[in-house]
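A look at the structure
Listed below are the residues making up each chain.
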Amino acid sequence: MQTYENVTTKGYGFALAACAVATVFALPFRDYLNSANAVMFYLLGVIATAARYGQKASIAASVFSFFSYNFFFTEPYYTFYVNDYKDVLTLLLLLMSGIIAGAQTSKLQAERNFFRTKEHNTSVLYAMSNELTATRGREIIITTISHHIKEAFNAAVTVWFPEWPMSELREEQAARWAYDHNQPAGLGTSTLPGASGYYVPLAGTDRVLGVLGLTPRDPRAFTSDEREMIHTFANLAASALERADTAEIAEKVKVEAEGEKLRNALLSAVSHDFRTPLASIKGVISILLMEDSRITPEDRKDLLASAHGEVARLERIVSNLLEVTLLESGKLQLRKDYYFLPELIGNALKQTEATLQGRKITCQMQQDLPTLHVDGLLIEQVLVNLLENAAKYTPEGSPVVIHGNTYGGQMKIIIEDNGAGIPAGEEEKIFDAFHTGSPFNRKGSGLGLAICRGILQAHGGSIKADNRLEGGAAFTITLPVGAIPAMTEAA
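Residues numbered from 1 in each chain as written. Predicted model: local features only at pLDDT ≥ 70, side-chain atom pairs only at ≥ 80, totals over all residues. Heavy atoms only, no water.

**Focus on the overall build of the chain**
Applicable threshold: Each helix is a run of H or I in the DSSP string that is no shorter than four residues. Each strand is a run of E no shorter than two, and both are numbered from the N terminus. Buried means the residue's accessible area, taken with a 1.4 Å probe over protein chains only, is under 20% of the maximum for its type, while exposed means over 50%, and partly exposed covers the values in between. In what follows, a contact means two residues having at least one pair of non-hydrogen atoms within 4.5 Å. All accessible areas in this document rest on Shrake-Rupley with a 1.4 Å probe, and a residue is counted as covered only by the protein chains that are shown.
The number of helices and strands found in the chain is twelve helices and eleven strands. Here the chain holds 491 residues, and 38% of them are scored as buried. Expressed as a percentage of contacts within the chain between residues at least 6 apart in sequence, the contacts between residues at least 24 apart total 66%. Accessible area for the chain stands at about 28300 Å²; split by element, carbon and sulfur atoms hold 58% of it.

Below, the structure is given as structure tokens:
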């Protein structure tokens, strides 16, 4: 960007050159031109100078033309002496006409430049507004603001906040004053005018968010029209920053609300699922403590078995809570190895043998199933949770069918039952932690399916639930197939 002094110097040089060109073109025809025609050459030069470099340069061109016309076109030639009073009048008319024509041309040029600049700035403002509408996050918003304002005003842009230090104390003082008083400061103002930048407060609805600073490339103050446009950019920037702050606060509130919801759900789960087995265990212990000969050895054994079952139930609840905590924190460690699906299903059926007692279990496996590279204990936990879920929500003695096949490099495991199915709209919600459906018909803590989804996602797999056309629910597990390496096969 050229400095103001360079532009002025070039303008005077152009004025002198325009006068010289007009003289060179008109001088050969001096004997054939009347005074009015000769003057037109110089007026063209004055107008050209005004259109390119403004009013000061056009006045200089008029003065140069005045002396050049006097020297070359009034008798006696090549002197500044004038014999005829008519030539004096012509010279004066040339000077006045040049000044007036240059002033008008310069004014039109300035207006054209003003509207062109305003149109450009309006276009940049519109682009900035559109981009900020789709932008989230304070840092990205600041980058967007700086880019567009720099393009509009060809100035170095600073977005300052009270907690941010600035490299120069004078600039920081101007920015802080603008922030504290909610008024512009710095270059071109009555407050700290020695600053290099012009600082405008970014005023939000109820407070000042920060300060927008512009340092022009050339040493000049911004015009009133430019300052007005800068304030428009600042208002738009403040609106975007305030929206970002509001969104951040809303996100924090949402996270806190989710945490509170999780704590309430956890309390509800603990109070419901711990109370029943603890009451049963307490009742068994109370009976066993009674010194009553009517308690036969068989009854004592049954009571101890019942207490053992309730302890195992409590152990599963605690284990589920711990697994949910690990999944939520991302600290679940996978100990992968190669397993065959029938092996994993067999182990899961053994663990749920008591729960599934009286039910017909059918396994329909594809021949020559490939191996799975998974954490065997965790996948068994997934299968156990799904089988226990089928036992909870289906009639006693109802069948459960387990399918295993491959499709497109994925292993699909489907567990079907013939219970009441999944309520409409609950197909995804049942995988949320502590979701138990109707509070009047809850049969668990709502952690089993959430744990299943977390474990499968950690393996790069997925799970979904659907209702069968014949009635009942179907849970489909998808896991990536893991081929056994050649060295393992050789072993």
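Resuming the write-up.
**Some points on the confidence of the model for the chain**
Note: predicted coordinates in regions of low pLDDT should not be interpreted at a detailed level. As a reminder, the rule being used: pLDDT gives the predictor's per-residue confidence on a scale running from 0 to 100.
The predicted model of the chain has a mean per-residue pLDDT of 79, with 82% of residues at 70 or higher. Low pLDDT (under 50) marks residues 1-5, which in the prediction has seven contacts with non-local residues, meaning those over four places away or in another chain. The low-confidence segment residues 438-442 (pLDDT under 50) makes five contacts with residues lying over four places distant or belonging to another chain.

**Overview of helix H10 (residues 376-392)**
This is how the line gets drawn: Here the expected span of a helix is defined as 1.5 Å times the quantity of residues minus one. Here a polar contact is taken to be a pair of N or O atoms separated by no more than 3.5 Å, where protein atoms must pair a possible hydrogen donor with a possible acceptor and residues adjacent in sequence count only if both atoms sit in side chains.
With 17 residues, H10 ought to run about 24 Å at 1.5 Å a step, and its terminal C-alpha atoms sit 24 Å apart, in line with that. N-cap assignment for H10: the residue whose side-chain oxygen lies 3.3 Å from the backbone N of leucine 377 is aspartate 375.

**Remarks on the sheet that holds strand E10 (residues 462-467)**
The condition is simple: For two strands to be treated as a pair, DSSP must find at least two bridges joining them. Helix axes are fitted only over the stretch in contact, all axes being lines through C-alpha atoms; the angle between N-to-C directions runs from 0 to 180 degrees.
Strand order across the open sheet formed by five strands is E6-E8-E9-E11-E10, with mixed pairing between neighbours. One side of each edge strand has no neighbouring strand; the edge strands of this open sheet are strand E6 (361-365) and E10. On average, each strand axis in the sheet is inclined to that of its neighbour by 15°, with strand direction left out of account. Bridge analysis of strand E8 (residues 400-407) against strand E9 (residues 410-417) gives eight bridges, and the strand direction is antiparallel. Its bridge partner being in E9, isoleucine 402 is matched across the sheet by isoleucine 415. Along the sheet face, helix H9 (residues 341-351) touches E6, E8 and E9 and points at about 170° away from the line of E6. H10 rests against E8, E9, E10 and strand E11 (473-480) of the sheet, and its axis sits at about 175° to E11.

**With respect to the packing of H10 against helix H11 (residues 448-458)**
Filter applied, for reference: Note on terminology: angles under 35 degrees are roughly parallel, angles over 145 are roughly antiparallel, angles of 65 to 115 are roughly perpendicular, and the others are oblique. The sense of a crossing depends on the near helix, which, turned anticlockwise from the far helix by less than a right angle, makes the crossing left-handed and, turned clockwise, makes it right-handed. Three classes are used: nonpolar for Ala, Val, Leu, Ile, Met, Phe, Trp, Tyr, Cys and Pro, charged for Asp, Glu, Lys and Arg, and polar for all others, with Gly counted as polar.
Running from N to C, H10 and H11 cross one another at 150°; their axes reach a closest spacing of 9 Å. Of the possible angle classes, the one that applies to H10 and H11 is roughly antiparallel. Both H10 and H11 take part in a crossing whose hand is left-handed. Of the residues in H11, those touching H10 at Leu378, Ile379, Gln381, Val382, Asn385, Leu386 and Asn389 are Gly448, Leu449, Ile451, Cys452, Ile455 and Leu456. In the contact of H10 with H11, the residues fall into nine nonpolar, four polar and no charged.

**Re a nonpolar patch on the surface**
Here is the rule we go by: Exposure above 30% relative accessible area and the absence of a salt bridge qualify a residue for a patch, where like charges join within 9 Å and nonpolar side chains (Val, Leu, Ile, Met, Phe, Trp, Tyr) within 5 Å. Salt bridges are defined as contacts in which a side-chain nitrogen from Lys or Arg sits within 4 Å of a carboxyl oxygen from Asp or Glu.
A contiguous nonpolar patch, built from Leu16, Ile59, Val63, Phe64, Phe67 and Phe80 and spanning about 520 Å² of accessible area, is present on the exposed surface. Examining the composition of the nonpolar patch, we find that four residues originate from one element, helix H3 (residues 55-73), more than from any other. Here phenylalanine 64 lies in helix H3. The exposure class assigned to phenylalanine 64 is partly exposed, which follows from its relative accessible area of 30%.

**Observations regarding the sheet that holds strand E2 (residues 185-186)**
Across the sheet, which stays open at both edges, the four strands sit in the order E1-E4-E3-E2 with antiparallel pairing between neighbours. Whereas interior strands pair on both sides, the edge strands pair on one side only; in this sheet they are strand E1 (155-160) and E2. Bridge analysis of E2 against strand E3 (residues 198-203) gives two bridges, and the strand direction is antiparallel. The residue bridging alanine 185 from the neighbouring strand is tyrosine 199, located in E3. In the packing of helix H5 (residues 138-153) onto the sheet, contacts are made with E1 and strand E4 (208-216), and the angle to E1 comes to roughly 150°. Contacts between helix H6 (residues 169-181) and the sheet are confined to E1, E2, E3 and E4, with E4 contributing the most and set at about 140° to the helix.

**Describing the packing of aromatic side chains**
Our working rule: For Phe, Tyr and Trp, rings pair up if their centres lie within 6.5 Å, where Trp contributes its six-membered ring, and each pair is then called stacked (planes under 30 degrees apart), edge-to-face (over 60) or tilted (otherwise).
Within this structure, the stated rule accounts for six aromatic pairs. Residues phenylalanine 431 and phenylalanine 475 carry aromatic rings whose centres are separated by 6.3 Å and whose planes lie at 85° to one another, so their mutual orientation is edge-to-face. With phenylalanine 431 in the loop between E9 and H11 and phenylalanine 475 in strand E11, the pair connects residues that are 44 residues apart, well separated along the chain. Grouping residues by exposure puts phenylalanine 431 and phenylalanine 475 together as buried.

**A closer look at the side chain of asparagine 385**
Considering the arrangement of structural elements, one finds asparagine 385 in helix H10. A polar side-chain atom of asparagine 385 sits 2.7 Å from a polar atom in the side chain of glutamine 381.

**A closer look at the pairing of E9**
Most of E9 sits inside the fold, with six of its eight residues counted as buried. Two elements, E9 and E11, share seven bridges in a ladder whose sense is antiparallel. Residue pairing across strands places glutamine 410 opposite proline 480, the latter belonging to E11.

**Observations regarding the packing of H9 against H10**
For the pair H9 and H10, interaxial distance at closest approach is 9 Å and the crossing angle is 55°. Relative to H10, H9 is oriented oblique. Read as a crossing pair, H9 and H10 show a hand that is right-handed. Across from Leu344, Ile345, Asn347, Ala348, Leu349 and Gln351 in H9, the residues of H10 making contact are Gly376, Ile379, Glu380, Leu383, Val384 and Leu387.

**Structural notes on the nonpolar core**
How we decide: Put simply, buried Ala, Val, Leu, Ile, Met, Phe, Trp, Tyr and Cys residues joined by side-chain atoms within 4.5 Å make one nonpolar core.
Counting residues in each nonpolar core, the largest one holds 37 residues, and the members touching the most others are Leu383, Leu386, Ile463, Phe475 and Ile477. Not counting the four nearest positions on each side in its chain, leucine 383 is found in contact with Leu344, Ile345, Ala348, Ile413, Ile415 and Ile477.

**Section: the environment of threonine 9**
Inspection of the secondary structure assignment puts threonine 9 in helix H1 (residues 4-26). Threonine 9 sits in the exposed class, given a relative accessible area of 54%. For the pair threonine 9 and alanine 57, spaced 48 residues apart in the sequence, the C-alpha separation amounts to 8.9 Å.

**Describing the pattern of salt bridges**
Summed over the entire model, instances satisfying the criterion amount to six salt bridges. Lysine 464 serves as the salt-bridge partner of aspartate 466, at 4.0 Å between the closest nitrogen and oxygen. Owing to a relative accessible area of 33%, aspartate 466 belongs among the partly exposed residues under this scheme. Where arginine 468 meets glutamate 470, a salt bridge forms, and the shortest distance between an N and an O atom there is 3.6 Å. A relative accessible area of 63% means that glutamate 470 is categorised as exposed. Counted as one network, the salt bridges with shared partners bring together Glu416, Arg468 and Glu470.

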